[in-house]
Amino acid sequence: MLETDTWKIIYIPDKPPILPNQQPTVNVFASVIEPKLANTIIRRLNEVSPLGNLRHVKRIQKKFLEGGCK
């Protein structure tokens, strides 16, 4: 049986790492919406402007506003 210290696991990335100050950026928009309309708005946004390779991006972030809705 093989000993566990005979094998070394290494990570080989698909692409070379990019320094934080050289990361690509994209323009974004933010808006306050009624929570009950969020699903409809997101479905429409996905139709007209899919995220493509930006799958890690969240389209919605729920916040509590002063004197208003969630």
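Structure: above.
Residues numbered from 1 in each chain as written. Predicted model: local features only at pLDDT ≥ 70, side-chain atom pairs only at ≥ 80, totals over all residues. Heavy atoms only, no water.

S.K.: How should the overall build of the protein be read in this particular structure?
M.R.: The number of helices and strands found in the protein is 1 helix and 0 strands. The proportion of buried residues among the 70 residues of the protein is 3%. Accessible surface, the protein: about 7800 Å² in total, of which carbon and sulfur atoms supply 58%. (Helix = DSSP H or I, 4+ residues; strand = E, 2+ residues; numbered from the N terminus. Buried < 20%, exposed > 50% of the residue type's maximum accessible area, 1.4 Å probe, protein only. Areas by Shrake-Rupley, 256 points an atom, 1.4 Å probe, with all protein chains shown as cover.)

S.K.: I tried to follow the layout of surface pockets on my own but got confused; where do I start?
M.R.: Left-over empty space is what a probe sized like a water molecule reveals as it rolls over the atoms. Counted as a void, the largest pocket has a volume near 1000 Å³. Tallied by class, the residues present in the lining of the largest pocket amount to 17 nonpolar, 4 polar and 6 charged. (1 Å grid on protein atoms, 1.4 Å probe; cavity = no way out; pocket = protein on both sides within 12 Å on 5 of 7 lines; lining within 4 Å. Points joined across faces, edges and corners; volume = space filled by probe spheres on them. Nonpolar A, V, L, I, M, F, W, Y, C, P; charged D, E, K, R; others polar.)

S.K.: What is the right way to read a nonpolar patch on the surface from this model?
M.R.: Nonpolar side chains collect at one region of the surface, where Ile33, Leu37, Ile41, Leu45, Val48 and Ile60 lie side by side and expose about 430 Å² of accessible area between them. Its place among the elements puts isoleucine 33 in the segment before α1 (38-48). A residue is classified by how much of its surface remains accessible, and isoleucine 33, at 31% relative accessible area, is partly exposed. (Patch = residues over 30% accessible without salt bridge, like charges linked within 9 Å, V, L, I, M, F, W, Y side chains within 5 Å. Salt bridge = Lys/Arg side-chain N within 4 Å of Asp/Glu carboxyl O.)

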